[in-house]
Amino acid sequence: MFNNIIGNELNKQVLKNIVKNNNISHSYIFAGISGIGKFMFAKEFAKAILCRENVEKPCNNCKSCESFNNLNNPDVIIIDEKENSIKTEQIKDLTNNVLEKPIQGNKKIYIINNSENMTKEAQNTLLKTLEEPPEYIIIILIANNENLLLNTIKSRCVTITFNKLSNDEIKQYFKHTLEVVDDNMLNAFGGSIETALILKNKKEIFAQIDEIFKNIENMNELQILNIKDTIFKDKDDVFYILDYINTIFYDKIIKNIYNAEKYVACIKIIENTKLRLKKNNNYDMAIDNCLFTIERSLETNG
Ligand SMILES: [Zn+2]
């Protein structure tokens, strides 16, 4: 069990024991940043719970494991967001569906991916099922940010917290594919395989960011505002780019502690920009404002 998943060794043991001792709760939260394997853990856990072999679960041989591996085990239901949120209707479907007994085995498992994106109404709808679950039901909420879940939901679930992966674990993951990346980049992965997979193909843009931001104090206003046309072209990458810029500012603080104030201000500006973009503020305006404020901040703080 979990042989193909890297990291979070303690959780592997915890989940193995739960299956071995058949000490399964009705609802779990798998919490932790995205890209560290929570969903894979949940699937493997579900497969093991449903496996009919008694010695080594999951056996990958029994009828349940076989249908699971073929993605057609009728007793596993995966719910995911639609257009960035999990809607009340989706959870209403779930609350109706839980009333039907398992088809193939004796348990029925629901995995709600990105569960923090349930609307408040959806969460309240789910709450009723969590309060009185039919005995054959197990619900696993995958949460990248469990703080967005209602306390009433959290209090009904057993929370298992997943840690970000170490740089060594990430290197291990990419053992056969990853070219050599420098430590700054490895740090930018932030312990997330998902981020690493996206960023490892973008070394060029990161080199560009390095080049620009290592020297940003000496740039004039026009040069700073021009940055937009080079590194902020691709909207899809903006959060990774902003995070990477912050790793450079953190680096500057460490190397230049007596002048830290202005870099702290820059980090705040970047974090603010992330917030604005998450609230769907106009992209161009948010980036223009970010660069303009950074420029001013570097200038006034000398
Ligand atoms: Zn099996």
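S.K.: Which residues make up the layout of surface pockets, and what values go with them?
M.R.: In this structure, the largest pocket spans a volume of roughly 1500 Å³. For the largest pocket, the lining is made up of 42 residues, of which Ile-33, Ser-34, Asn-144, Glu-194 and Tyr-240 are closest to its centre. Elements supplying a minimum of two residues to the lining of the largest pocket: helix H2 (38–50), helix H8 (183–188), helix H9 (193–199), helix H12 (238–255) and helix H13 (260–278). Per-class residue counts for the lining of the largest pocket are 18 nonpolar, 16 polar and eight charged.

S.K.: Explain the coordination of the zinc ion residue by residue, including any values.
M.R.: Taken together, Cys-51 (SG), Cys-59 (SG), Cys-62 (SG) and Cys-65 (SG) make up the full set of protein donors to the zinc ion, lying 2.2 to 2.4 Å away. What the four donor atoms of the zinc ion show is an angle range of 103 to 118° at the metal, which sorts the shape as tetrahedral. Of note, the zinc ion draws all its donor residues from one chain, in the sequence arrangement C-x7-C-x2-C-x2-C. Note on Cys-62: relative accessible area 14%, which makes it buried.

S.K.: Just give me the short version of the packing of aromatic side chains, but keep the residues and values in it.
M.R.: Counted according to the given criterion, the structure contains nine aromatic pairs. Ring geometry for Tyr-28 versus Phe-45: centroids 5.4 Å apart, planes at 85°, classification edge-to-face. With Tyr-28 in strand E1 (residues 27–31) and Phe-45 in helix H2, the pair connects residues that are 17 residues apart, well separated along the chain. With relative accessibility at 1%, the residue Tyr-28 sits in the buried group. Residue class for Phe-45 comes out buried when judged on its relative accessible area of 0%. Aromatic side chains Phe-30 and Phe-45 sit 6.1 Å apart centroid to centroid with 35° between the ring planes, which places their arrangement in the tilted category. Here Phe-45 lies in helix H2 and Phe-30 lies in strand E1, a separation of 15 residues in the sequence. The rings of Phe-2, Tyr-28, Phe-30, Phe-41, Phe-45 and Phe-162 are connected pair by pair, giving a single aromatic cluster.

S.K.: Account for the environment of Ile-287, naming residues and giving values.
M.R.: Relative to the assigned elements, Ile-287 resides in helix H14 (residues 283–300). Taking the C-alpha atoms as reference points, Ile-287 and Leu-225, 62 residues apart in sequence, are found 9.2 Å from one another.

S.K.: Outline the nonpolar core, supporting the account with residue identities and numerical values.
M.R.: With 68 residues, the main nonpolar core has Phe-30, Phe-45, Ile-140, Phe-213, Ile-227, Phe-232 and Phe-249 as its most contacted residues. The greatest single-element share of this core, amounting to eight residues, is contributed by H12. Taken together, domain 1 (9–161) and domain 2 (167–300) each give at least three residues to this core, which thus spans both. Beyond its immediate sequence surroundings of up to four residues, Phe-232 is in contact with Ile-227, Val-238, Ile-241, Leu-242, Ile-245, Tyr-283, Ile-287 and Leu-291. Grouped together as the second largest cluster of nonpolar side chains are 23 residues, Ile-79, Tyr-110, Leu-127 and Tyr-136 included.

S.K.: Account for the sheet that holds strand E3 (residues 108–112), naming residues and giving values.
M.R.: Read across the open sheet, the five strands follow the order E2-E3-E4-E1-E5; overall the sheet is parallel. On the outer flanks of this sheet lie strand E2 (76–79) and strand E5 (158–161), each paired with one strand and no other. When the angles between neighbouring strand axes are averaged without regard to direction, this sheet yields 20°. Of the pairings in the sheet, the one linking E2 to E3 comprises four bridges and is parallel in character. Bridge pairing links Val-76 to Ile-109 in E3. Its contacts with the sheet put helix H1 (residues 9–20) on E1 and E5, and the angle it makes with E5 is roughly 145°.

S.K.: So, the domain arrangement of the protein chain: which residues are in play, and what are the values?
M.R.: The assigned domain composition of the protein chain is domain 1 (9–161) and domain 2 (167–300). Summarising the inter-unit geometry, the C-alpha centres of domain 1 and domain 2 are found 36 Å apart. Taken together, the contacts link four residues of domain 1 with five residues of domain 2. Across the domain 1/domain 2 interface, buried area totals approximately 310 Å², and carbon plus sulfur atoms make up 41% of it. Summed over the three residues of domain 1 that lose the most area to domain 2, namely Ile-33, Ser-34 and Gly-35, the buried surface amounts to 80% of that side. Applying the counting criterion to the domain 1 and domain 2 interface returns zero salt bridges. Where domain 1 touches domain 2, the interface holds four residue pairs in polar contact (both at pLDDT 80 or more).

The rules we used
Residues numbered from 1 in each chain as written. Predicted model: local features only at pLDDT ≥ 70, side-chain atom pairs only at ≥ 80, totals over all residues. Heavy atoms only, no water. 1 Å grid on protein atoms, 1.4 Å probe; cavity = no way out; pocket = protein on both sides within 12 Å on 5 of 7 lines; lining within 4 Å. Points joined across faces, edges and corners; volume = space filled by probe spheres on them. Helix = DSSP H or I, 4+ residues; strand = E, 2+ residues; numbered from the N terminus. Nonpolar A, V, L, I, M, F, W, Y, C, P; charged D, E, K, R; others polar. Donors = N, O, S within 2.8 Å, 3.2 Å for Na, K, Ca; no water. Tetrahedral: all angles 85-135°; square planar, octahedral: opposite > 155°, others 65-115°. Buried < 20%, exposed > 50% of the residue type's maximum accessible area, 1.4 Å probe, protein only. Phe/Tyr/Trp six-rings, centres within 6.5 Å; stacked < 30°, edge-to-face > 60°. Core = buried A, V, L, I, M, F, W, Y, C linked by side-chain atoms within 4.5 Å. Domains from an automatic or database assignment. Contact = heavy atoms within 4.5 Å. Pairing = 2+ DSSP bridges. Axes fitted to C-alpha atoms, helices over the stretch in contact; angles between N-to-C directions. Buried area = accessible area lost by both parts, 1.4 Å probe. Salt bridge = Lys/Arg side-chain N within 4 Å of Asp/Glu carboxyl O. Polar contact = N/O pair within 3.5 Å; in protein donor to acceptor, adjacent residues only side chain to side chain.

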